[in-house]
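Architecture and fold: a report
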Amino acid sequence: RDAEVYFEVAAVITTLILLGRALEARARRRSGEAIRALLDLGAKEAHVLRDGAEISIPIDELEVGDVFVVRPGEKIATDGVVVEGESAVDQSMLTGEPVPVDVAAGDSVAGATVNTFGRLVVRATKVGEETALAQIARLVAQAQSGKAPIQRLVDRVSSVFVPVVLVLSLATLAGWLVATGDATAAFTAAVAVLIIACPCALGLATPTALMVGTGRGAQLGILIKGPEVLERTRRITTVVLDKTGTVTEGRMRLAGVSLLNGATRDEVLRLAGAVEAASEHPIAQAVAAAARDEVGELPAVS
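A look at helix α5 (residues 183-196)
One turn of the α-helix equals 3.6 residues, which is why residues spaced by three or four share an orientation. In a regular helix each residue adds 1.5 Å, so 14 residues correspond to 20 Å; α5 covers 20 Å between its end C-alpha atoms and thus fits that length. Considered for burial, the residues of α5 that qualify are A186, A189 and A190. For α5, the angular spread of buried residues about the axis comes to 95 degrees, placing them on one side. The exposed set on the far side of α5, more than 90 degrees from its buried face, consists of F187 and I196. The distance from a side-chain oxygen at the start of α5 to the backbone nitrogen of T184 is 3.0 Å, and the residue carrying that oxygen is D182.

With respect to the pattern of salt bridges
Evaluated as defined, the whole model comprises 4 salt bridges. R71 is paired through a salt bridge with E54; the nearest N and O atoms lie 2.4 Å apart. Highlighted residues: R71 in the loop between β3 (67-70) and β4 (79-84) and E54 in strand β2 (residues 53-58), separated in sequence by 17 residues. Exposure remark for R71: the relative accessible area of 34% places this residue in the partly exposed category. In this structure, the salt-bridge partner of E74 is R71, at a minimum N-O distance of 3.3 Å. For E74, a relative accessible area of 23% corresponds to the partly exposed category. Connected via shared salt-bridge partners are E54, R71 and E74.

Rules and cut-offs
Residues numbered from 1 in each chain as written. Predicted model: local features only at pLDDT ≥ 70, side-chain atom pairs only at ≥ 80, totals over all residues. Heavy atoms only, no water. Helix = DSSP H or I, 4+ residues; strand = E, 2+ residues; numbered from the N terminus. Expected span 1.5 Å × (residues − 1). Buried < 20%, exposed > 50% of the residue type's maximum accessible area, 1.4 Å probe, protein only. Arc of directions from axis to C-beta. Polar contact = N/O pair within 3.5 Å; in protein donor to acceptor, adjacent residues only side chain to side chain. Salt bridge = Lys/Arg side-chain N within 4 Å of Asp/Glu carboxyl O.

Here it is in structure tokens:
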């Protein structure tokens, strides 16, 4: 009789394998975007003081010991120590605490954090791969490349499962040949065993889930130390937060006004708001915002 050729079987198997690889590559790419997004948080250039002049250079050319200027609203170019100036630095990208931290000469600052209101002069202490931001990105990459205990278990199961499936497929081939003598039917049955028992999903599902989980966490500001930590989260019953700003808006608001010597609330707010309106400090802005809400336009202060 005519030989039967199953072209559709070959097409389906190839399609499924390629689809699995495409999904894995997509998961890796999206997880890698989280690391690139972290690195993009850093400044792209630094205003370095050299020979008494301020020049702008690419961040890659910044060296340990260089002194650079950080203007209000700019990102700090790299990790360093403040040598001149006072300000408040928004460190939320590192600590999760949205309230800026006051800094002055002698205080350490981290690259990619934001200077809020004062001019700072900083001496670089770490650059490139040594900065806190680079170490965070490295931590995320290590978490994605590591193996959780469940993945190691899957690998051990696969190492036994695959040979067993191959032996069963060969046994099926031999059994059909002995029972029917039909090579086509025997080969079809053997291939069917391989397709149905294929462990591709078993090997791809766990690492893909780990990569997506750690990558998505990084995008949301959650840094996962390693895949084993991600696996242990299923046993978490209580979450304790140690920062007030983590569960609040992180924007200060005026809570109350204490009046002395017969002063009225409107008068105190109008004068205090006028004094603080020119400052970019978070507390000053809270006072000025409350004053505008209650008394309207504030008088100019020269």
